[in-house]
Amino acid sequence: MMTPSSAPPPAGPDPSETDDQTRRTWPWIVLTVVAVLVVALVVWLVNRPTDGEPAASPAPSDTASESASPTETSSPSDSPTTSAPAAEGCPAEGDGPPEGADTHEIVDVDGDGRPDTAWITGGADRAFGITTASGATFFAPIGSASPQPASAIVQLVAAGDGTSPIALVDTGREVLLLSAAGCAVTPTQNAQGESYTFDKGFTGFGTGVGCTEQGGELRLAGLDAVSDDGTSFTVDRTFVDLDTDARTATNGQEETVATGAGPEDAVVTTAQETSCGDLVAGEDGPVEPQ
């Protein structure tokens, strides 16, 4: 009688085979990890900030402002240009236009960029004055015996190497020339040290005052329209040279600007009024109240 043999061992993986598979798989795992680390390193090197520069920020959306970021350095040409502040104007002094005076807005005489106000008072002590937007008031008496109501205009004209504000006060017989520079109304003097005046046909030295534009500036001139028969006129013009503040005036050379002109021609009518640029006394300035 034979004794049965031992049962065969249960089926399963051969330990030697498992070890072989593990040894074959492990290098691939290591290679994969190394590859991931290399890719991560490359990405970091590409995107890392350089010395002294901030990290890249996300690109702006379509609605983002196109203005430069605070870290940009602008060149001088890109910097905004700032204009010089306006002058403060004349110091506020005086009480403004007197009660009952006729007033009219005029050009800026004190350089603060705001229009000012000219005025004329009536009566025996009539005066011409200016009150600036800054609150300053200055004036001068109207020294004329003419019984006609005075009227005035104020304009910027060529004076010295620049321009200066002046006032032309028409009394009907003559036109007083006043400087409005330096926060004061000052009678302009002629070469003899007397008040400079223009004739309005009363003494035979002229008939009016006008201004001619030259080089972008208005040049003051005395005008004289004369006629033998009242139908044909000759018009002469004499430029007036003013110093820097228009406080001294000298006559230039006289020249003829028209001959044979009719009484209604503009060159004749202008020579018989007081004007400067587009301003006409009696229309574009104060008039003495009656």
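See above for the structure.
Residues numbered from 1 in each chain as written. Predicted model: local features only at pLDDT ≥ 70, side-chain atom pairs only at ≥ 80, totals over all residues. Heavy atoms only, no water.

**Things to note about the pattern of salt bridges**
- Counted under the stated rule, the structure contains five salt bridges.
- Here Asp170 and Lys200 are joined by a salt bridge, their closest N and O atoms 2.7 Å apart. Placement of Asp170 in strand β6 (residues 162–170) and of Lys200 in the loop between β9 (197–199) and β10 (208–214) is noted, with a sequence separation of 30 residues between them.
- Salt-bridge contacts for Arg237 lead to Glu255; the nearest nitrogen and oxygen are separated by 2.7 Å. Taken as a pair, Arg237 in strand β12 (residues 233–242) and Glu255 in strand β13 (residues 249–261) lie far apart in primary sequence, 18 residues in all.
- In this structure Arg237 comes out as buried when scored by relative accessible area, which is 17%. (Salt bridge = Lys/Arg side-chain N within 4 Å of Asp/Glu carboxyl O. Helix = DSSP H or I, 4+ residues; strand = E, 2+ residues; numbered from the N terminus. Buried < 20%, exposed > 50% of the residue type's maximum accessible area, 1.4 Å probe, protein only.)

**Here's the deal with the sheet that holds strand β11 (residues 217–227)**
- Overall, antiparallel pairing links the four strands, which are arranged β10-β11-β12-β13 in an open sheet. Unpaired on one side and paired on the other, β10 and β13 mark the two borders of the sheet. Taken pair by pair, the neighbouring strands of this sheet meet at an average axis angle of 30 degrees, ignoring direction.
- As judged from the seven bridges shared by β10 and β11, these two strands associate in the antiparallel manner. If you follow Cys211 over to β11, its bridge partner there is Leu220. (Pairing = 2+ DSSP bridges. Axes fitted to C-alpha atoms, helices over the stretch in contact; angles between N-to-C directions.)

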